[in-house]
Amino acid sequence: MPVKHLARVSRLRLGAALAVGALLLAPGLHAVLPPDATPPTDATADVVTLDAATGSTTGTASSTDTPGTTAATAATARTSADASTTAATTATATAASPVRVAVYMPFDNGGRTGIVLPRDHTPRLLGGFSWDLHKAPGAAVRPQMSSPDGEVSLRVARIDSNNNGAGTMVTLDVSVAGTFVGQIRFGHLRDLRVSTSSGPFSPGTQIGSLAVGTAPYAGCADGTSDGWPYSSSWRVCTTNGIHTHTDLQRSCWASFGTNVTVGATTPIAVMSTASATSRNAQCSAAELQDAVLPAPVDGQFVVSGGRTYRLAGGAPVYVSSWAPFGGQKPTITYSASQFAELARYPADGTLLRGLPSQRLFRVAGGSPLLLTSAPDGPVVEVDDAALDRISTSAPWDRLLARPADGTFLIAKPSNAVFRVAGGSPQWVDSWTAFGGRQPTVTVDDATIDRVGEGGDWDRLTVYPADGTVLRTVSDGRLYRVAGGAPLHVRSLSLLERSDVPVTTVADTVVDGAGWSGRGHRNLLGTPADGTFVYAHSGGVYTFVGGAAFFVESWNPYGGPSRSVHVDAEALAQRGTTAQPWGGHVRKTPYDGTFVRVLDGPSAGTARAAGRALFGLSSCARFPGCAGASGVTGQAYATYTDWIPNAAAGTLVRFLPTTGAFRFDGAGGCSPVASAPAGTVEVNDYDHPCTLAAPAAPGTPQVVVGDRSAEVSWTAPTQTGGRPLTGYTVAATPAGGGTPVSLDAAAGTTRAVLDGLANGTGYTVQVRARNAVGTSVPATAAGQVVPRGVPGQVGGVSTSVTASTLQVSWSPAYPNGASVSGYVVTVGGTTIEVPGGTTRATVPGLTQGRHTVTVTARNVAGSSTPSAARTVVVTAAPPRTPAAPTVRASGTTVTVSWAAADDSGGPITGYTLVRDDVHRVELAAGRRSLTLYDVPVGRHTFVLVATNASGSTSSAATTVDVRATP
């Protein structure tokens, strides 16, 4: 277990060397000097006592007790690892201020002592004393020590076998800041991890493990003496485990009760250069107190290196003055090594309140983020100066100016989650891609929403710092932030070094960079104006309006500027909107961008609109114009993505008087009645419009008629800078010939062309005119063919056979469109036949007179009917006969009927139909029929009467046939 919490509370300067067994240190506890004050040379302190069981301390502060600085002096050099040589050489060591070492249990979480006082098992091998420290068999042995006088280091002096064969003994030299203090020996070890060839190592390093023990020896009923082993392992009279046989030199020892547990934070001995080699005495309360340091507690004031700090979240926060705290407070002194073991920054979630301002902050990733809500946990009050003067230099370096990259924040009450990257909060739309919910620090919504307002809100930045590298969490795409925008990097090897830190963020924030909305406001779509980038193989570029311009020389800029190292391909892919490039580098600047040409014949300021530049005669009317980002004259002259004239449809407002115009892409423009907010503005006459013929009208739409065509169109989008004077509409026959044309007024978009030939294909075109000239034609799609309805059908002839009519006629004139069919009308009956047919049959006419006409059809409509013809039908099929009468007697059925009306044609016979299947043909004179053995069941009977014109059927009669009883 680390020993960072274990050391003296405070220390006093000592004059001469202390005699053997004398008081090592005065037990000063609390300092009350102002921070950074020079301590006095002498001080007094109240006595502090040590609880033997727990190692806790009690005492009161003295108003004159002040933390001082003890400078250790070197002891006489040790020349041999041998115990006798050590005793001889170190006995002569003297020091104006002794170097001290507190010794603790060498086991994780402490251990047990099995005896009241140290026992001399290996009669003073190191000239000091021995005692047994107990732990379970196989426990790791880690020498634990600390010193208020500097860093403790250990080194193996020698390795021997235990005198009873139970394991191995390791002797260590103990030094503090290069000064040899004494030796300590651990016995009954196995599985050594160090050797005499090992270099110096720190306390807490495992040197081996305890030998394996057996059950306690039965002769140790009182638990106060050890029994000898029956095997090579060491038996002890404790309730569990085995012991390490521990010898210390130049030390005093702490007394504990029999078989008690001693924690890892309680000193068990104190080594000192002020102690004689042979000292073997119990430590005084003052000596032990000097070795105890309470575990850090938030709110404690500590002194180290002559400066005062307050502990918050386990870390020291600098105190520049006692005034905010109402005067001097008790302090605890930390050595440099103990201070170094404190947390570098307060733990995430720590609440800080600045004094005297009363501002509330929560620490996230080492940085204090301002809160507007009430605190939801314990608050540590700190000096405002520590919050306002954060830097990378001591003592202001115990807080970070920006949260560490990768810190997750959750904003309340919205519950929106963000991850810090380059100091900027980047939205997390889902935990899924991050492998599930991650630890977060709770902040206010205002902490996120007020980023960029300055003052206390400046612990987060709107956009990540230049050079920040982002990785999309789902697919691992890499981006480097330059001027607030992510530029794709194909590989980290293309950057200045391949081990640059990378922060993983949600794909959404990169893919939506530059979008509106809370989740996308912390990345720009393109780098900010004036951003310089260095392409790994393409030189330096500067961004203006989202486009990158080459920098061939720093001279126009007044010298070099900081550049962000990027992948050259990100610049080569300018204008590519597909991922991974994402359109983060434009081909030309955004409309409205001011571009300052720094040198050369084009020096001055221009404004981008429609992929072209409008030179400005003055910047006076336009905020931001005078301070526009610049490009070199050579970069401006050689840039290949400009176009000479503003793109068609570009709107520009000329100030102060001319108004808004729409450009046509050819240098011409025409006035518009109004233009939306945000229209690019330039000075009057900065870019006069070139007068031109109008643009072509919209594509004509044509509806054909009989020897005519109705033409419609839309007005041209550009009028060439002059009002329209009219349109010319023309239809030109296919294969040549004289066009049919007309003029239409400027205010109309419809005209009808007459005098066209049906069936002839025409090309229809519309041209717009103004005072300058005539536009190129707008041409209707495909050939236009006029057509009319077919001509009247002629040559109609008829013939009648019984009740069937035969009709024939001559083909009709198609009139520009082929005949699609004919309709024959006979009285109220119509029959349609295809266009290639000139004959039709109409059966089943009733007796009497009928009028016959024939009409032709095509896509234009129907012709007028042919001249009517009248036909007479003298005979017709019989009228519908009455339903037959049916009687059943058993399985014998008798059917009778009345004679049918013959409609002028004598009846030629009857047919009796049973169940739609069985038919019996009967002579015209029959009126009844008897059927025998008719199957049992229900049957239907229908009578059909027939003459030369056809047949008619009666209604059905139903009868049930039952078996004879």
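- As annotated in an unreviewed UniProt entry, the chain carries the name Fibronectin type III domain-containing protein and is attributed to Nocardioides imazamoxiresistens.

1. A few points about the nonpolar core
Link 1 in the chain: Grouped together as the largest cluster of nonpolar side chains are 40 residues, with contacts concentrated most on V103, M145, L172, V174, I184 and I268.
Link 2 in the chain: Looking at this core, the elements with two or more residues in it are β3 (100-104), β5 (129-135), β8 (152-161), β9 (168-176), β10 (179-190), β13 (251-253) and β15 (269-272).
Link 3 in the chain: One finds V807, A812, V819 and A856 within the second-largest nonpolar core, a separate group that totals 19 residues.

2. Comments concerning the side chain of R310
Link 1 in the chain: Examined against the element boundaries, R310 turns out to sit in strand β18 (residues 307-312).
Link 2 in the chain: At 4.5 Å, E381 is the nearest oppositely charged side chain to R310, a buried residue that forms no salt bridge.
Link 3 in the chain: Looking at R310, its side chain comes within polar contact range of the main-chain oxygen of G299, at 2.8 Å.
Link 4 in the chain: Here the side chain of R310 touches E381 through a polar contact of 2.8 Å, landing on its backbone oxygen.
Link 5 in the chain: In this structure R310 touches G299, Q300, F301, A315, P316, V317, V319, F325, V380 and E381, once residues within four positions along its chain are discounted.

3. Concerning the state of the cysteines
Link 1 in the chain: Using the criterion set out here, one finds two disulfides in the structure.
Link 2 in the chain: For C252, the disulfide goes to C283, at an S-S distance of 2.0 Å. Judged by the sign of its S-S torsion, about 100°, the cystine formed by C252 and C283 is right-handed. Note that C252 is positioned in strand β13 and C283 in the loop between β16 (280-282) and α2 (285-289), a separation of 31 residues in sequence. Each member of the pair, C252 together with C283, is buried.
Link 3 in the chain: Each sulfur in the disulfide pair C619 and C625 lies 1.9 Å from the other.

4. A few points about the sheet that holds strand β25 (residues 408-412)
Link 1 in the chain: Taking strand neighbours across the sheet as the criterion, the four strands line up as β27-β26-β25-β28 in an open arrangement whose pairing is mixed. Taken across any chain shown, the strands that pair with only one partner, and hence form the sheet edges, are β27 (424-428) and β28 (441-444). In this sheet, adjacent strand axes meet at a mean angle of 40° when their direction is disregarded.
Link 2 in the chain: Pairing of β25 with β28 involves four bridges; the strand directions are parallel. When the sheet's bridge partners are listed, I410 is paired in β28 with T442.

5. Some thoughts on the side chain of R459
Link 1 in the chain: As for its position among the elements, R459 is in the loop between α5 (445-449) and β29 (469-472).
Link 2 in the chain: Here R459 falls in the buried class, since its relative accessible area comes to 12%.
Link 3 in the chain: Only 2.5 Å separates the side chain of R459 from the backbone oxygen of L387, close enough to count as a polar contact.
Link 4 in the chain: Those residues in contact with R459 that lie beyond four places of it in its chain are S367, P368, L369, L387, D388, I390, A401, R402, P403 and G423.

6. Re the pairing of strand β35 (residues 547-551)
Link 1 in the chain: For β35, the tally of buried residues reaches four of five residues, placing the bulk of the element in the interior.
Link 2 in the chain: Pairing between strand β34 (residues 539-544) and β35: five bridges, direction antiparallel. Across the sheet, residue T542 finds its bridge partner in β35, namely F549.
Link 3 in the chain: Where β34 folds back onto β35 in an antiparallel hairpin, the turn is made up of two residues, including G545, whose phi is positive at roughly 60°.

7. Topic: the packing of aromatic side chains
Link 1 in the chain: This structure, assessed with the given rule, holds 24 aromatic pairs.
Link 2 in the chain: Relative to W642, the ring of Y636 has its centre 6.4 Å away and its plane inclined at 55°; by these criteria the two rings are tilted.
Link 3 in the chain: On the basis of relative accessibility, which here comes to 23%, the residue Y636 falls in the partly exposed class.
Link 4 in the chain: Taking the relative accessible area as the measure of exposure, W642 reaches 17% and is therefore buried.
Link 5 in the chain: A ring pair is formed by F654 and F661, whose centres lie 5.8 Å apart and whose planes are at 80°; its orientation type is edge-to-face. F661 shares its class with F654; the two are buried.

8. Quick look at the sheet that holds β29
Link 1 in the chain: Spatially, four strands are ordered β31-β30-β29-β32 in an open sheet, and the strand pairing comes out mixed. Looking at which strands have only one partner, the edges of the open sheet turn out to be β31 (485-489) and β32 (502-505). With strand direction ignored, the average angle separating the axes of adjacent strands in the sheet is 40°.
Link 2 in the chain: Bridge count for strand β30 (residues 478-482) against β31 is five bridges, and the pairing is antiparallel. Residue pairing across strands places A482 opposite A485, the latter belonging to β31.

9. Some thoughts on empty space enclosed by the protein
Remark: the empty space left among the atoms is shown by a probe the size of a water molecule rolled over them.
Link 1 in the chain: Enumeration over the complete set of coordinates arrives at six cavities of 30 Å³ or more.
Link 2 in the chain: Empty space within the largest cavity amounts to approximately 60 Å³.
Link 3 in the chain: Lining the largest cavity, in full, are P486, L487, H488, A570, Q573, R574, G575, T576, W581, G583, H584 and V585.
Link 4 in the chain: No other element matches β31, which puts three residues into the lining of the largest cavity.
Link 5 in the chain: Considering only residue class, the lining of the largest cavity consists of five nonpolar, six polar and one charged.

Criteria and thresholds
Residues numbered from 1 in each chain as written. Predicted model: local features only at pLDDT ≥ 70, side-chain atom pairs only at ≥ 80, totals over all residues. Heavy atoms only, no water. Core = buried A, V, L, I, M, F, W, Y, C linked by side-chain atoms within 4.5 Å. Buried < 20%, exposed > 50% of the residue type's maximum accessible area, 1.4 Å probe, protein only. Helix = DSSP H or I, 4+ residues; strand = E, 2+ residues; numbered from the N terminus. Lys, Arg positive; Asp, Glu negative; His and termini not counted. Salt bridge = Lys/Arg side-chain N within 4 Å of Asp/Glu carboxyl O. Polar contact = N/O pair within 3.5 Å; in protein donor to acceptor, adjacent residues only side chain to side chain. Contact = heavy atoms within 4.5 Å. Disulfide = S-S within 2.5 Å. Pairing = 2+ DSSP bridges. Axes fitted to C-alpha atoms, helices over the stretch in contact; angles between N-to-C directions. Phe/Tyr/Trp six-rings, centres within 6.5 Å; stacked < 30°, edge-to-face > 60°. 1 Å grid on protein atoms, 1.4 Å probe; cavity = no way out; pocket = protein on both sides within 12 Å on 5 of 7 lines; lining within 4 Å. Points joined across faces, edges and corners; volume = space filled by probe spheres on them. Nonpolar A, V, L, I, M, F, W, Y, C, P; charged D, E, K, R; others polar.

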